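Here's the letter readout for the chains.
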Amino acid sequence: MAQYARGAAAVAVIRLHNPPVNALSLTVLQALEDGLKRADADPSVKAVMICGENGKFSAGADIRGFSSPKRHGVPLGPIISLIERSEKPVVAAIEGIALGGGLEVALGCHYRIAHVKAHMGFPEVTIGLLPGAEGTQRLPRLIGVPAALDIITTGRHIPATEALKLGLVDEVVEENTVEAAIRFANKVIGQPLGPRRLSLKPVPKLPNMEAFLSEALVKVKKQAHGCLAPELCFQAVKAATEQPFADGVRKERELFNILLTSGQAQALQYAFFAEREVQKWTTPNGASWKSTSPQPIRKAAVIGLGTMGRGIVTSLVKANIPVVALEQNVEYLNMGRKAVMLLLEREAMKMEQGAQTLDFHNPARLQFTVDFDVLHDVDLVIEAVFENMALKKEIFHKLSRICKPGAFLCTNTSALNIDEIASATSRPHQVIGTHFFSPAHVMRLLEIIYGHHTSPTAIATAVQLAKALKKVGVVVGNCFGFVGNRMMFPYVQQAVFLVEEGSRPEAVDQVLEDFGFKIGPFRMSDLAGLDVGWRSRKGQGLTGASLPPGTPARQRHGHRYSPLPDLLCENSRFGQKTGKGWYQYEKAGGRTAKPDPWLHNFLAQYRDTHHIKTRFIDQEEILERCLFSLINEGFDILAEGIAAGPEHLDVIYINGYGWPKHRGGPMFYASTIGLPRILAKLQKYSEAHPDVPGLQPSAFLKKLVAMGNPPLKEWMSYQSRQSNKL
Ligand SMILES: CCCCCCCCCCCCC/C=C/C(=O)SCCNC(=O)CCNC(=O)[C@H](O)C(C)(C)COP(=O)(O)OP(=O)(O)OC[C@H]1O[C@@H](n2cnc3c(N)ncnc32)[C@H](O)[C@@H]1OP(=O)(O)O
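Residues numbered from 1 in each chain as written. Predicted model: local features only at pLDDT ≥ 70, side-chain atom pairs only at ≥ 80, totals over all residues. Heavy atoms only, no water.

In the region of the ligand, 32 residues are neighbours, and Ala59, Ala61, Ile63, Gly101 and Arg276 sit closest. A distance of 2.8 Å separates a nitrogen atom of the ligand from a polar atom in the backbone of Ala59. Ala61 is positioned such that a nitrogen or oxygen atom in its backbone is 2.8 Å from an oxygen atom of the ligand. Isolated, the ligand exposes 1,300 Å² of accessible area, and the fraction of that covered by the protein chains is 77%. Mapped by element, the contributors of at least two residues to the shell around the ligand are helix 1 (26-41), strand 5 (97-99), helix 3 (101-108) and helix 11 (263-277). Looking at which element gives the most residues to the shell around the ligand, the answer is helix 11, with 3 residues. (Near = heavy atom within 4 Å. Polar contact = N/O pair within 3.5 Å; in protein donor to acceptor, adjacent residues only side chain to side chain. Areas by Shrake-Rupley, 256 points an atom, 1.4 Å probe, with all protein chains shown as cover. Helix = DSSP H or I, 4+ residues; strand = E, 2+ residues; numbered from the N terminus.)

What follows is the structure, encoded as structure tokens:
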């Protein structure tokens, strides 16, 4: 709703009220309209002030309303016009946030006063929409086309100080914004309102508007990666430069409706809520976010300053958490220190552009050491050494002796058993997995893995840490590869099998990149380094010296196996770092992947040696075998209770594995394809490849199909408790 009151003798106050973020529901909009009409009808009211309850102006339209079967039209635009047409000055008092429809309401007002800590923006593009309540037409009139395009096509939040520079707000205050706005409203009573009505203003001209717009379109398309909304946002702003306000509004509405009914908007809005839902973690034994409080982290330590450790230290420093960074010897410490300082300098430069500072030269905030005893007073340690169980256990044994009793011990691992690592300590309840993604100071995902003994407090603390690091923490159970990598194994395996059967790395990558992945599986392997998987396969006895003599080249434990990645490593082709892998690069460390005739010859010989008849593989088969095997593993993970719901898998894939967000994540994608179709295709492929377990349909998938393909929200109600391994 919106509350109507008098702020001063002549000023009516309309306060938007819909906790927690004052989203604009139909009820709020109705109350806003009623308030405006009441103020208009009351001759003693000379000005109006609009603000939001609880220090927040508004987060915009109620996003849940967009997928409601009852959605109809865009009821906000006419209300904004009503505000603008008012013969009494209307002032917006912006505290906290004014986003989307909230900012559009503020643009309808004649004046805008913002608190210095407020943020504004049009994040609609991130949920597959555009500012559809005349925002694409008013904003360029107020701040010009370049700034408006930037804000509308990126969805970035801008701080009040920047908004003032752009002319988006009239004043920024440090005091009580509502009181300042009422004072301001009193001052402007009687002043002409015509020049304050944005719909009447022309769009500021640029000397080279056409050239500017063509360049901007290229940039927008490049950044969109197949997502429709940025380009339609661009078209709407372009309309403002070409047409009168009313026609521009008509165009905006037309484009808005295209987006609203597109599957992409639904996928992006699902992703928005999924990200929030996973914060409300639960475990199969009943622990949950509701009943558990995190412990404060006042000081942390990171062990190991390799690629991961450096990123993790940088993340902690950026989050203002004092850190001790530890290496095994002075030589490695100095190398690590240099690399961390370089990363922090770059981050500081980026932050300076946003008028923020980063303090990392103070030893109380960042200390480097080779002495484990220095860790005696930290609240949390993140071990980030090699993926080697013996080494990790040795470190955890040491930590368990040195660290204070309440300290949490986290291991950054992408696959290893948390329980085994915890068994090396006297405090397994305080041991937890924190799987960061590289580069750790950039990637948003943090997989948080609880072991058999991990306490709810340790989970809550890790989730809180993720939040402090501005990451999305997803709590999952303990199994080999956890959720993300476990689903990745069959996907990459299919990609390699497809190449064995006749495809090429570049063909497979192209199909998956066209689908929307930022990078296909072969380019990804080259980037990560082929030696990483090779080491792990050697460790598992799948290749190398420990392989029993007489093992068939293309079979392990009775299942199909491809030795191709091992053979590339034996030829010293480790990917980008050696300049050769599945592709060739301009030099060792080069970034530009080019198809490699050597590899094509090698593949032809390999197929001859193993009597594999080369066949043409079409795009559909490539896509389905890679994606459906990944999704199939997801169903097994859900059945085993490793993740609390499909949303968790989707958030992991969007934030850690480059899954295109506008497709909502693998499990959401499966729900849009329809589970019967996925099952039928898996059945077809598993009949053709009976020796590939990853293509055998998951029992849980079969069950859901038998239950009539229920909506994704209901899947977990069909998960039987017996199948839960935890
Ligand atoms: C019958 C149908 C029709 C209904 C339609 C009515 C209105 C129609 C008007 C049409 C206008 C068209 C043009 C306008 C479009 C828009 O405005 S689209 C919305 C644009 N706004 C956003 O995208 C903002 C999204 N929110 C955020 O970015 C963040 O939530 C935040 C505001 C920055 C706050 O962040 P934080 O403090 O970290 O809290 P969160 O955990 O993220 O959020 C708290 C809870 O609030 C819920 N929530 C947030 N925003 C919205 C929203 N706009 N609509 C609905 N709910 C929202 C969020 O889910 C959290 O909920 P819980 O998880 O349940 O706690």
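The next thing to look at is the packing of aromatic side chains. Counting across every chain of the model gives 18 aromatic pairs. Measuring from centroid to centroid gives 5.5 Å for Tyr491 and Phe517, while their planes differ by 35°, and the two rings are tilted. With Tyr491 in helix 17 (residues 484-501) and Phe517 in the loop between helix 18 (505-515) and helix 19 (521-528), this residue pair connects regions lying 26 residues apart in the sequence. For the pair Tyr491 and Phe517, a shared accessibility class is recorded, and that class is buried. A network of ring pairs unites the aromatic residues Tyr491, Phe515, Phe517, Trp659 and Tyr669 as a single cluster. Cation over ring: Lys538 sits above Trp534, and NZ or CZ is 3.5 Å from the ring centre. (Phe/Tyr/Trp six-rings, centres within 6.5 Å; stacked < 30°, edge-to-face > 60°. Buried < 20%, exposed > 50% of the residue type's maximum accessible area, 1.4 Å probe, protein only. Lys NZ or Arg CZ within 6 Å of the ring centre and 35° of its normal.)

Right, let's talk about the UniProt feature "domain: 3-hydroxyacyl-CoA dehydrogenase C-terminal" (unreviewed entry) in the protein chain for a bit. When the UniProt feature table is mapped to this numbering, "domain: 3-hydroxyacyl-CoA dehydrogenase C-terminal" (unreviewed entry) covers residues 481-585 and 622-710. Strand forms 4% of residues 481-585 and helix 51%; the C-alpha atoms that close the span are 30 Å apart. Taken as a whole, residues 622-710 contains 66% helix and 0% strand, while its terminal C-alpha atoms sit 27 Å from one another. (UniProt positions renumbered as here; feature names shortened; annotations may be inferred.)

Inspection of every chain in the model, using the stated rule, returns 38 salt bridges. Note that Lys318 is salt-bridged to Glu347, the shortest N-O span being 2.8 Å. One end of the pair, Lys318, is in helix 12 (residues 307-318); the other, Glu347, is in helix 13 (residues 330-353), with 29 residues separating them in the sequence. Given the relative accessible area of 32%, Lys318 is considered partly exposed. The exposure class assigned to Glu347 is buried, which follows from its relative accessible area of 6%. With a closest N to O distance of 3.0 Å, Lys713 and Glu647 form a salt bridge. Of this pair, Lys713 sits in the segment after helix 27 (699-706) while Glu647 sits in helix 24 (residues 646-656); the two residues are 66 residues apart in sequence, bridging distant segments of the chain. For Lys713, a relative accessible area of 60% corresponds to the exposed category. For Glu647, a relative accessible area of 6% gives the class buried. Residues participating in the shared-partner salt-bridge network are Glu500, Glu501, Arg554, Arg560, Arg615, Glu621 and Arg625. (Salt bridge = Lys/Arg side-chain N within 4 Å of Asp/Glu carboxyl O.)

Moving on, we get to the environment of Val330. Within the secondary structure, Val330 is located in helix 13. Distance in space between the C-alpha atoms of Val330 and Val370 is 6.7 Å, their sequence separation being 40 residues.

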